Amino acid sequence: MAMAFFSTFPRILNKFKFTPISSNISKPLLSLPFKTFSFLASDASLAEGRVGFLGLGIMGTPMAQNLIKAGCDVTVWNRTKSKCDPLLNLGAKYQSSPKEVAANCDVTFAMVADPESAIDVACGKNGVASGMSPGKGYVDISTVDGATSKLINEHIKATGALFLEAPVSGSKKPAEDAQLIFLTAGEKSLYDSVAPLLDIMGKSRFYFGEVGNGAAMKLIVNMIRGSMMASFSEGILLSKKVGLDPNGLIEVLSQSAISAPMYSHKGPLMVKSLYPTEAPLKHQQKDIRLALALAESVSQSTPVAAAANELFKVAKSYGLSDADSSAVIEALKAKSQDSA
Ligand SMILES: NC(=O)C1=CN([C@@H]2O[C@H](COP(=O)(O)OP(=O)(O)OC[C@H]3O[C@@H](n4cnc5c(N)ncnc54)[C@H](OP(=O)(O)O)[C@@H]3O)[C@@H](O)[C@H]2O)C=CC1
Ligand SMILES: O=CCCC(=O)O
């Protein structure tokens, strides 16, 4: 069934600088061709579209803001209601539960903390599934494991609605700057339909087929990220201990073959022991934990990630769960002191 909602994208896109984003779209092997503006414009006559957004944390807030700024008709919900206020001030509508948002919107996005909250919001009492019906779509952007995503898919599909998992790579600033990378899987027709909305919030999007594949890709990316952060932390502390300026290390890395934006962005703050939260440490540890379970399920050895996970667990035990993931360096400092 064609969703009436999606026909209104031309109205939305006319208000949005569309060309720079479409020109940045990457061309992954498994992705199908990007829908052109003219294709969308041909559907221009149908009804008004309504977008729901659940979960207004570090990531959800700027993503929903970008949809509103692009002219979308957005309805929000967050467990802690006060976090809706900045969005309501921008013109968003409010509903009192995920069920009510889903019932009042054509497509609903969710960006919540972890598998437990994703299941709760989608399948729990007054959850999304109880407000879904044929012709609607549900897009879960939260980082979860494949089993969670498949469970949510089953609940949504049972209502006749469509499901897409769409976790993102990219943190707070890319979310603010609409530079996220969507790693999607699930119902292809929903992927095609929501592509213009993903392009409002991100710089590129990938489609990986069956539900679970997007979740797996995201967990693998973040498993690598966690190992990089742990190794980088060791390097900063080692450079200091041998009398080198860690800022020099960061500069050398930035010009090297192993340069990563994360090192240049977070490194100078880590040297000053500052960890303003962009990607919470508790979520990074959750992602490595889920990646390790994924690896175990296929008997893939991941000793480097396992070691990084231990370090993140130590950092959590020091009360750093809500600090930025770069605070993992503190776990190594404490170890050094213990052994001194
Ligand atoms: N921050 C980052 O750099 C990135 C994060 N991610 C992933 O995106 C997701 C969100 O991350 P982020 O925005 O940083 O996280 P935050 O911790 O800032 O926000 C978490 C959101 O989930 C909601 N939530 C938590 N538990 C429940 C529950 N039981 N029921 C309903 N809502 C709940 C919170 O509501 P409340 O306000 O009431 O607490 C909040 O809206 C996570 O899965 C994370 O791994 C992905 C890419 C980058
Ligand atoms: O899940 C968090 C990832 C953050 C990032 O991609 O920099």
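Conventions and cut-offs
Residue positions are given per chain, counting from 1 as you read along its sequence in written order. Chain letters and ligand numbers both follow the written order, the letters beginning at A and the numbers at 1. Restriction of local features to residues with pLDDT of at least 70 applies here, the model being predicted, together with a cutoff of 80 or more for giving and counting side-chain atom pairs; totals for whole chains, interfaces and linings are based on all residues. Based on all heavy atoms of the structure, the side-chain values leave hydrogens and waters out of the count. To qualify as a helix, a DSSP run of H or I must reach at least 4 residues; to qualify as a strand, a run of E must reach at least 2; elements of each kind are numbered from the N terminus. Buried, partly exposed and exposed residues are distinguished by accessible area as a fraction of the type maximum, computed with a 1.4 Å probe on protein chains only: under 20%, between the cut-offs, and over 50%, respectively. Any two residues having at least one pair of non-hydrogen atoms within 4.5 Å are treated as being in contact. Per-residue and other accessible areas follow the Shrake-Rupley method at a 1.4 Å probe size, with only the shown protein chains counted as cover for residues. UniProt positions are given in the numbering used here, feature names are shortened, and annotations may be inferred rather than shown by experiment. The rule for a residue being near a molecule or strand is that one of its heavy atoms must lie within 4 Å of it. Here a polar contact is recorded for every N or O atom pair within 3.5 Å, except that within protein the pair must consist of a potential hydrogen donor and a potential acceptor, and residues adjacent in sequence are included only if both atoms are side-chain atoms. Ten residues, namely Ala, Val, Leu, Ile, Met, Phe, Trp, Tyr, Cys and Pro, are considered nonpolar, four, namely Asp, Glu, Lys and Arg, are considered charged, and the remaining ones, Gly among them, are considered polar. Where each domain starts and ends follows an automatic or database-derived domain assignment. Here, nonpolar core refers to any group of buried Ala, Val, Leu, Ile, Met, Phe, Trp, Tyr and Cys residues whose side-chain atoms link them within 4.5 Å. Buried area adds together the accessible area that both of two parts lose upon being put together, with accessible area traced by a 1.4 Å probe. Each reported salt bridge corresponds to a side-chain nitrogen of Lys or Arg within 4 Å of a carboxyl oxygen of Asp or Glu. Orientation is described by axes fitted as lines to C-alpha atoms, over the contacting stretch for helices, and by angles from 0 to 180 degrees between their N-to-C directions. Should an angle lie under 35 degrees it is considered roughly parallel, over 145 roughly antiparallel, and from 65 to 115 roughly perpendicular; all remaining angles are considered oblique. Handedness of a helix crossing follows the sense of rotation of the near helix relative to the far helix, less than a right angle counterclockwise being left-handed and clockwise being right-handed.

This next bit is on the overall build of the chain. Regarding its fold elements, the chain presents 16 helices and nine strands. For the chain, the residues scored as buried account for 53% of the 340 residues in total. Of the contacts made within the chain by residues no fewer than 6 positions apart, 70% connect residues no fewer than 24 positions apart. Of the roughly 15,100 Å² of accessible surface on the chain, 57% is carried by carbon and sulfur atoms.

Once that is clear, we can look at the UniProt feature "active site" (unreviewed entry) in the chain. UniProt records the feature "active site" (unreviewed entry) for K218 in the present numbering. Locating K218 in the fold gives a position in helix 11 (residues 213–241).

The environment of ligand 1 is formed by 25 residues, the closest being N78, T80, K83, S171 and K286. Between K83 and ligand 1, the recorded distance is 2.7 Å, taken from a side-chain N or O atom to an oxygen atom. Within the side chain of H283, an N or O atom sits 3.1 Å from an oxygen atom of ligand 1. Of all the secondary structure elements, the ones that give two or more residues to the shell around ligand 1 are helix 7 (115–123) and helix 14 (281–297). Looking at the shell around ligand 1 residue by residue, the class counts come to 11 nonpolar, nine polar and five charged. Each of domain 1 (4–210) and domain 2 (216–339) accounts for three or more of the residues forming the shell around ligand 1.

The next thing to look at is the site of ligand 2. Around ligand 2, the surrounding shell consists of S169, G170, S171, K218, N222, R225 and D287. Note that an oxygen atom of ligand 2 is positioned 2.7 Å from one of the side-chain N or O atoms of N222. Separating an oxygen atom of ligand 2 from a side-chain N or O atom of R225 is a distance of 3.3 Å. Considered on its own, ligand 2 offers 250 Å² of accessible surface; in the complex 76% of this is hidden by protein. Ranked by residue count, the leading element in the shell around ligand 2 is helix 11, at three residues.

By size, the foremost hydrophobic cluster in this structure holds 34 residues, and its most contacted members are F53, M63, L67, F109 and F182. Listing elements by their share of this core, those giving two or more residues are strand 1 (51–54), helix 4 (60–69), strand 2 (74–77), strand 4 (107–110), strand 8 (180–186) and helix 10 (188–201). Broken down by element, the residue count for this core peaks at seven residues, all from helix 10.

This part is about the domain arrangement of the chain. Taken domain by domain, the chain comprises domain 1 (4–210) and domain 2 (216–339). Domain 1 puts 14 residues into the contact, and the matching count from domain 2 is 12 residues. Taking both sides of the interface into account, the surface hidden between domain 1 and domain 2 amounts to around 1,100 Å²; carbon and sulfur atoms contribute 69%. Counting across the domain 1 and domain 2 interface gives zero salt bridges. Connecting domain 1 to domain 2 are three residue pairs in polar contact (both at pLDDT 80 or more).

Our focus in this paragraph is the environment of V101. Among the structural elements, V101 can be located in helix 6 (residues 98–104). The spacing of V101 and T143 is 42 residues in sequence and 21 Å in space, taken between C-alpha atoms. Apart from residues no more than four positions distant in its own chain, V101 is found in contact with G52, F53, L54, T75, V76, W77, Q95 and T108.

Turning next to the packing of helix 4 against helix 10. For the pair helix 4 and helix 10, the least separation of the axes is 9 Å and the interaxial angle reads 115°. Classed by the angle they form, the pair helix 4 and helix 10 counts as roughly perpendicular. Seen along the crossing, helix 4 lies across helix 10 with a hand that is right-handed. Across the interface between the two elements, M63, N66 and L67 of helix 4 pack against L197, I200 and M201 of helix 10.

On to the packing of helix 11 against helix 13 (residues 261–271), then. Running from N to C, helix 11 and helix 13 cross one another at 45°; their axes reach a closest spacing of 11 Å. Relative to helix 13, the element helix 11 is oriented oblique. Crossing hand, helix 11 versus helix 13: right-handed. Contacts between helix 11 and helix 13 involve R225, M228, M229, F232, S233, I236 and K240 from the first element and M262, Y263, K266, G267, M270 and V271 from the second. Here the residues of the contact of helix 11 with helix 13 sort into eight nonpolar, two polar and three charged.

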